[in-house]
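Each chain, written out:
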Amino acid sequence: DVKYVEHVVEQVQQYPREVLLDRGLPDIPEIDEGDDVATLLVDFMDDEPPPFVPLVTKLLNSGEAMILGGPPNIGKTWAVMDMMMGISSGSYFANHFSCEAAPVLFIDEEGSRRGDWERFQMLLAGRDDRSAVEFPVRTKIDSGIRLDDPKGHVRLARLIERYKPGAVFLDSLVRVHGGNESDNRQMAEFFRIVKQLMNTYATSFTFTHHIRKPAK
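Since this is a predicted model, take the numbers as computed values, not measurements.

On to the packing of helix H6 (residues 150-163) against helix H7 (residues 184-201), then. Running from amino to carboxyl end, H6 crosses H7 at an angle of 20°, the nearest separation of the two axes being 11 Å. As summarised for this structure, H6 and H7 are arranged roughly parallel, according to the angle between their axes. Regarding H6 and H7, the two cross each other, and that crossing is right-handed. Side by side, H6 and H7 meet where His 153, Leu 156, Ala 157, Ile 160 and Glu 161 of the first sit next to Ile 193, Gln 196, Leu 197 and Tyr 201 of the second. Tallied by class, residues from the contact of H6 with H7 come to six nonpolar, two polar and one charged.

Okay, here's the thing in C-alpha cells:
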C-alpha cells in the first residue's frame, strides 16, 4: 500500500541517524557527496555530452561494447581481426565500413600464437602487402586473463593504461570469465566490470561469442 509506505518513510525521517542506530536498525552506509542528488531534465539537456565517435561506421562507437556471436568455426576471429586492421589503420572493415583510426589491444584466450600469426599474415597480404608497422595493434595471446578475477582485472586495466587503445578486442567471451552464462546475476556482474573499464579508460570492448544450437 503506497500510503502505508509513505507513512513509514515519514516516521523514519523524524529521527536522526544516531537514534535509528540506537533502536537496533542496520547501520546506514556512508555515500559520496552527490550520490543522493538527481539532475533536473532542463539541466541535463543544457549539458550536452560529447557526440559519439564511430570507430566502425554504423557498427561500433567509441566507448561502447559489442558482442560478435555465431556458431563455432564460422569466422568470428577473422572478422574481428579484420576490424582491428581497419581501426588501427583508419581504413576499412570488410572493405566497406569506414573506420576511425585508433590503437587496438587484442586479448586472445581462444587461439594460439601461430594461428594468429598466420591470420594476420593473410590479412596483411589482402591489404596490398602493407607492413605490420602501419597497424598499431598490441597482442596478448593465451595469457590467462579473466575479468572476474581481481588479478586479471588489474592486468587488463594496466595494459589499457599503458597502451591507451581506442578499442579492446577479446576472443572469446567464455574464456575471459568463469561464471555461468545462464546466470543473469553472474553475467550482470561481469558486464558491470566491463562497463567500469570502458568508462574509466574511454575505450570500446568487442567480444567474440560462441552461440551453439539448442539441444533438441
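Let us look at the pattern of salt bridges. Should the charged atoms of two oppositely charged side chains come close, the side chains can pair. For the structure on display, the rule yields seven salt bridges. For Asp 148, the salt bridge goes to Arg 146, with nearest N and O atoms at 3.2 Å. Relative accessible area serves as the criterion here: at 32%, Asp 148 is assigned to the partly exposed category. In this structure Arg 146 comes out as partly exposed when scored by relative accessible area, which is 37%. A salt bridge links Glu 189 to Arg 192; the nearest nitrogen and oxygen atoms lie 2.7 Å apart. Taken together, the positions of Glu 189 and Arg 192, both in helix H7 and three residues apart, correspond to about one turn of that helix.

Thresholds applied
- Residues numbered from 1 in each chain as written.
- Predicted model: local features only at pLDDT ≥ 70, side-chain atom pairs only at ≥ 80, totals over all residues.
- Heavy atoms only, no water.
- Axes fitted to C-alpha atoms, helices over the stretch in contact; angles between N-to-C directions.
- Helix = DSSP H or I, 4+ residues; strand = E, 2+ residues; numbered from the N terminus.
- Parallel < 35°, antiparallel > 145°, perpendicular 65-115°, else oblique.
- Left-handed = near helix turned anticlockwise from the far one by under 90°.
- Contact = heavy atoms within 4.5 Å.
- Nonpolar A, V, L, I, M, F, W, Y, C, P; charged D, E, K, R; others polar.
- Salt bridge = Lys/Arg side-chain N within 4 Å of Asp/Glu carboxyl O.
- Buried < 20%, exposed > 50% of the residue type's maximum accessible area, 1.4 Å probe, protein only.

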